[in-house]
Amino acid sequence: MSPIEARLRERHAIVHSLLDQGHGDREIVRELHMGGNTVRRAARAETPEQMLDDRHQPRSSRLAPFKPHLGWRWAEGHINAIHLHTELKGPGCRGSYQLISDYLRPRRRRRVRVVGPAPPGVQQVTGWRMPAVRKCGSPRRRGCGAA
């Protein structure tokens, strides 16, 4: 149960208990510091589920009919939102570039980017190019020939 559903159930129970005690709508509004429409809606509803059914249902987006096409094009490797927006303008999509870009953003984050090994460092490249220099004559070095 979501926090909103829990709050609606609690409000419904409180409003009905006060109504059963004989309080009027305006008294309940003042006592509970709730809006008048909220109290009236809770009073009208016989069960908390009726209050939950009154909530607005999410409407479909302008992009909803074109989402399968975008998914198909994305799977083919077409990931440029500008080109996809241009494609969808033909069939009648009224969505903006930003709408398409926002829809594709989570897919971009899921894409696995293959990163190659780091390039060799300066010392490693220098070691390839320069011959080994042996400094002989130092009394502390061993294996230089003259000890």
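From a predicted model like this one, the values you see are computed outputs, not experimental measurements.

1. Here we look at the overall build of the protein
For the protein, the helix and strand inventory stands at eight helices and zero strands. The secondary structure elements of the protein, listed N-terminal to C-terminal, are α-α-α-α-α-α-α-α. Across the 147 residues in the protein, those meeting the buried criterion constitute 19%. For the protein, the accessible area works out to roughly 12,000 Å², and carbon and sulfur atoms hold 52% of it.

2. Focus on the packing of helix α5 (residues 67-76) against helix α6 (residues 81-89)
For any two helices packed against each other, the geometry is given by the interaxial angle and the distance between the axes. In contact at an axis separation of 11 Å, α5 and α6 are set at 140° when each is read in the N-to-C sense. Viewed along their axes, α5 and α6 adopt a mutual orientation that is oblique. Crossing of α5 over α6 shows right-handed handedness. Each of H69, L70 and R73 in α5 lies in contact with α6, whose residues at this interface are L84, E87 and L88. Looking at the contact of α5 with α6, its residues break down into three nonpolar, one polar and two charged.

3. Quick word on the pattern of salt bridges
A side chain with one charge can pair with a side chain of the opposite charge if their charged atoms come near. Here the structure, examined in full by the defined rule, presents four salt bridges. A salt bridge links R105 to D102; its shortest N-O distance comes to 2.8 Å. A residue pair is termed a helical-turn pair when its members lie 3 or 4 positions apart in one helix, as R105 and D102 do in helix α7 (residues 97-110) at three residues. Assessed through its relative accessible area of 34%, R105 is described here as partly exposed. Taking relative accessible area as the criterion, D102 reaches 37% and is therefore assigned partly exposed. Several salt bridges share partner residues, and in doing so they unite R73, E76 and E87 into one network.

4. Quick look at α6
All of the buried residues along α6 are A81, L84, H85 and L88. Looking down the long axis of α6, one finds its buried residues gathered within 100° of arc, a one-sided arrangement. When the buried face of α6 is taken as reference, the exposed residues oriented beyond 90 degrees from it are I82, H83 and T86. Its side-chain oxygen placed 3.0 Å from the backbone nitrogen of I82, N80 serves as the N-cap of α6.

What counts as what
For every chain, the first residue of the written sequence is number 1, and numbering continues from 1 onward in sequence order. With pLDDT at 70 or above as the cut-off, local features in this predicted model cover only qualifying residues; side-chain atom pairs require 80 or more to be listed or tallied, and sums for whole chains, interfaces and linings still use all residues. Working from all heavy atoms in the structure, the side-chain values ignore hydrogens and water. Segments assigned H or I by DSSP are reported as helices when at least four residues long, segments assigned E as strands when at least two residues long, and all are numbered from the N terminus. When accessible area is computed with a 1.4 Å probe and restricted to protein chains, residues below 20% of their type maximum are described as buried, those above 50% as exposed, and intermediate ones as partly exposed. Accessible surface is estimated by sampling points in the Shrake-Rupley manner with a 1.4 Å probe; for residues, cover comes only from the protein chains shown. Between N-to-C directions, angles span 0 to 180 degrees; the directions come from axes that are lines fitted to C-alpha atoms, helices contributing only their stretch in contact. Comment on the angle field: the value is read as roughly parallel under 35 degrees, roughly antiparallel over 145, roughly perpendicular from 65 to 115, and oblique elsewhere. Here a crossing is called left-handed whenever its near helix is offset anticlockwise from the far helix by less than a right angle, and right-handed whenever the offset is clockwise. By definition, residues are in contact when any of their heavy atoms lie within 4.5 Å. Charged residues are taken to be Asp, Glu, Lys and Arg, nonpolar residues to be Ala, Val, Leu, Ile, Met, Phe, Trp, Tyr, Cys and Pro, and polar residues to be all remaining types, Gly included. The salt bridge criterion pairs a side-chain nitrogen of Lys or Arg with a carboxyl oxygen of Asp or Glu, the two atoms within 4 Å. The directions from the helix axis to the C-beta atoms are what the arc is built from. Nitrogen and oxygen atoms within 3.5 Å of one another constitute a polar contact, given that in protein one can donate a hydrogen and the other can accept it, and given that sequence-neighbouring residues count only through two side-chain atoms.

In short, the description is geometric, and any link to function would need to be established separately.
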